[in-house]
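Geometric and topological summary
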Amino acid sequence: MDRVSSFDEPLKKLLGGATAKVMAEHLDLHTVGDLLHHYPRRYEERGRLTALADLPLDEHVTVVAQVADARILMFNNGRGKRLEVTLTDGSGRLQLVFFGHGVHKPHKELLPGRQAMFAGKVSVFNRKMQLAHPTYQLLDASDADEATEAVDAFAGRLLPIYPACKQLDSWRIAKAVDAVLPSAQDAVDPLPAALREGRGFTPLPEALLKVHRPQTKADIEDARARLKWDEAFVLQVALARRRYADTQLPAVARRPVEGGLLDAFDAKLPFTLTEGQQKVSGEIFDDLATEHPMHRLLQGEVGSGKTMVALRAMLTVVDAGGQAAMLAPTEVLAQQHHRSITEMMGELAEGGMLGGSDHGTKVVLLTGSMGMAARRQALLDLVTGEAGIVIGTHALIEDKVQFHDLGLVVVDEQHRFGVEQRDALRSKGKQPPHLLVMTATPIPRTVAMTVFGDLETSVLDQLPAGRSPIASHVVPAQDKPHFLARAWERVREEVENGHQAYVVCPRIGDEAEEDGKGAKKARAKKAAADEEPEKRPPLAVLEVADGLRKGALAGLSVEVLHGRMHPDEKDDVMRRFGAGDVDVLVATTVIEVGVNVPNATAMVIMDADRFGVSQLHQLRGRVGRGSAPGLCLLVSEAHEASPARARLSAVAATLDGFELSRIDLEQRREGDVLGQAQSGVRSSLRMLTVIDDEEVIAAAREEAVAIVAADPELEHLPELRTVLAALLDKEREEYLDKG
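Summary of the structure given here. (Residues numbered from 1 in each chain as written. Predicted model: local features only at pLDDT ≥ 70, side-chain atom pairs only at ≥ 80, totals over all residues. Heavy atoms only, no water.)

Along the protein chain, the regular secondary structure elements total 30 helices and 21 strands. The proportion of buried residues among the 739 residues of the protein chain is 53%. Once local pairs closer than 6 in sequence are excluded, the contacts in the protein chain between residues at least 24 apart make up 74%. When the accessible surface of the protein chain is totalled, it reaches about 32,100 Å², and 51% of it is carbon and sulfur. (Helix = DSSP H or I, 4+ residues; strand = E, 2+ residues; numbered from the N terminus. Buried < 20%, exposed > 50% of the residue type's maximum accessible area, 1.4 Å probe, protein only. Contact = heavy atoms within 4.5 Å. Areas by Shrake-Rupley, 256 points an atom, 1.4 Å probe, with all protein chains shown as cover.)

Within a sheet, each strand pairs with its neighbour through backbone hydrogen bonds, oriented either parallel or antiparallel. Here seven strands make up an open sheet; going across it, the order is S11-S12-S10-S13-S14-S9-S15 and the pairing parallel. Of all strands in the sheet, those with a lone pairing partner are strand S11 (362-366) and strand S15 (456-460), marking the two edges. With direction set aside, neighbouring strand axes in the sheet form an average angle of 20°. Inspection of the sheet shows strand S10 (residues 323-327) paired to strand S13 (residues 406-412) by five bridges, in the parallel sense. Counterpart to Gln323 in the pairing with S13 is Leu406. (Pairing = 2+ DSSP bridges. Axes fitted to C-alpha atoms, helices over the stretch in contact; angles between N-to-C directions.)

This next bit is on the nonpolar core. Core analysis: the biggest nonpolar cluster contains 56 residues, and Tyr502, Val503, Leu561, Val584, Val586, Ile591 and Ile605 have the highest contact counts within it. In this structure, Val503 is in contact with Trp488, Val544, Leu548, Val584, Leu585, Val586, Ala587, Val604 and Met606, ignoring residues within four places of it in sequence. (Core = buried A, V, L, I, M, F, W, Y, C linked by side-chain atoms within 4.5 Å.)

The terminal C-alpha atoms of helix H13 (residues 306-319) lie 20 Å apart, and with 14 residues this matches the ideal 20 Å at 1.5 Å per residue to within 8%. Most of H13 sits inside the fold, with 13 of its 14 residues counted as buried. Positive backbone phi, approximately 90°, marks Gly321, located one or two places after H13. (Expected span 1.5 Å × (residues − 1).)

Okay, the pattern of salt bridges next. Opposite charge on two side chains makes pairing possible when the charged atoms of those side chains draw close. Applying the stated criterion across every chain yields a total of 31 salt bridges. One salt bridge connects Arg82 with Glu84, and the closest N-O pair in it is separated by 3.1 Å. Both residues of the pair, Arg82 and Glu84, count as buried. Salt-bridge contacts for Glu713 lead to Arg241; the nearest nitrogen and oxygen are separated by 3.8 Å. Placement of the pair is Glu713 in the loop between helix H28 (694-710) and helix H29 (718-727) and Arg241 in helix H10 (residues 217-248), with a sequence separation of 472 residues. (Salt bridge = Lys/Arg side-chain N within 4 Å of Asp/Glu carboxyl O.)

To continue, consider the packing of helix H12 (residues 275-288) against H13. Orientation of H12 relative to H13, taken along the N-to-C sense of each, is 30°, at an axis distance of 10 Å. Relative to H13, H12 is oriented so that their crossing is right-handed. Seen from H12, the contacting residues are Gln277, Val280, Ser281, Ile284, Phe285 and Leu288; seen from H13, they are Met308, Val309, Arg312, Ala313, Thr316 and Val317. Taken together, the residues of the contact of H12 with H13 break down into eight nonpolar, three polar and one charged. (Left-handed = near helix turned anticlockwise from the far one by under 90°. Nonpolar A, V, L, I, M, F, W, Y, C, P; charged D, E, K, R; others polar.)

Take a look at the structure:
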């Protein structure tokens, strides 16, 4: 196996300790193989300048540009010096700024007409884009040796621009890649020969050379096509093996029982299920009736009736003699689910109690903050089988919790749970229970195939009758303060019309800030020294609520809800809000999922640019749940031309969650999309972008399924097995195992 060993070589052997340390800590690169798979993000053509007009705010960038002018300015009565350099590239201009002692070298070197590469973080100062104290590398240095070195560092005309960090510029990464590039010859090729030849792919060692040091644009295309395919294929093989292994697991089939709890429940429903709910229920019932565990992902827009579908699945399992557990990410949500499920079931949720139905079962709640007596009773009801349905937070996962016969686990908002938590709950069944994962975050098909590739997918895309449209608007608080005043007037109008409103803030406030006073002073001091504006902290629930009670919403009943409150307090506030006793609820994102108050018609999201697209869409789904139309106001101080404002405008422009999740994907790096909990998948995707490469992923999935069906253990494909083992190291293997 010598061929793999050079890929496993630690970087410090080849690059020296200091560089290797930065690569490990800041870029997660540890071995030669890691660095060879750290591909350039893009390429610059020498002589063709980058588009300065398109620079993203708050990101670390590398640009190749020409100096238009440079001048030294004095401030602080002549005690401070600042060098301002203007770059140009034909598409736009960018300002560089150097302070204090850092002005001397660039002042001598960055002369008008000079071309160089610059790296730094893009910020806005006085409404202009700038890089403060960027590092740079001259590309046409007057010193001949220096110029030759700069040019030699980048073979050919195409300059590779690597994903970099503050501590290590793109050009230093390029030099490190040069040192390890000879090892590309040792790459183990995961693709079966027939597949590689059939699709006309470049051999892997050649693809690695071409991606790092392309001579032509065709080289880049070749390399990318090959490397993307490898990533998609290896991942899909891992998922296909996982699915195959699942079909080999035993499970108890849970078939519907005529005249049981489900029939009694359906008979008392005051409405008919949507076509979508009936179709998805059918898919779930088919899965539950098989003797291997269901693994299904149920996606549904906010308010599409997922809970109803999940409840009918749980009732089927109870009818068949099993128990069902629903796992919710927060106590507020667990209580909300418990309340709405017991309300929907009525006397059917009072099995064994006076006035309860003969068909009924007990529905219990289990959370970490329950009193001892209630908790003891809930645990007893679970172990005896008295309770057919339990709803809880991760308190359900504790060792003490024992089930009589766990048949189905429903996980709400999957992305909030680590893999281990799901696995711990699944291990509580005598045999693996069936698993239904629900999410209200619409997931594009490619992400579903990649991240949730071991789950079958059902989609609920119809809204039940009676749901109202939601109008959304961006409120530019900085540019047009009177718009914000009007927003609070609109909230008042909604309350006067008998409705209620939410105000959402990114932070809780109070004592957490006390700790940070020293840090705040230091930041303010630094900002004064650099003449940079200090970015204010995000708005906080406690301060905003206080301000509204005294100001714009004086006279209305304004309450707060956040994660630091005692669970009983939270429950009390939610009950009173649900009953209509509270006009305005000022909250953090604890209300993001599952909170259902049909009378709440307006939502004001403060500092909306601090939230992600999917999160804004989730939050907005809390209004318009009744017959009155909903209103969502996105308040932001973001600059009109900033990506943050573009994001908010996109959210305001459409209510289609799938369209928004697409926009979200386009605007975020892949890693964020795949999420921290999916670390195995995320760290293996370097070249593949799940938004653009749907065809590659779908084709790779097809090939993978065929290969695994023919040879589940990959006995005849040792190279593929080797690469899979390297990719799915222990942690990732476990992620896929438990997923």
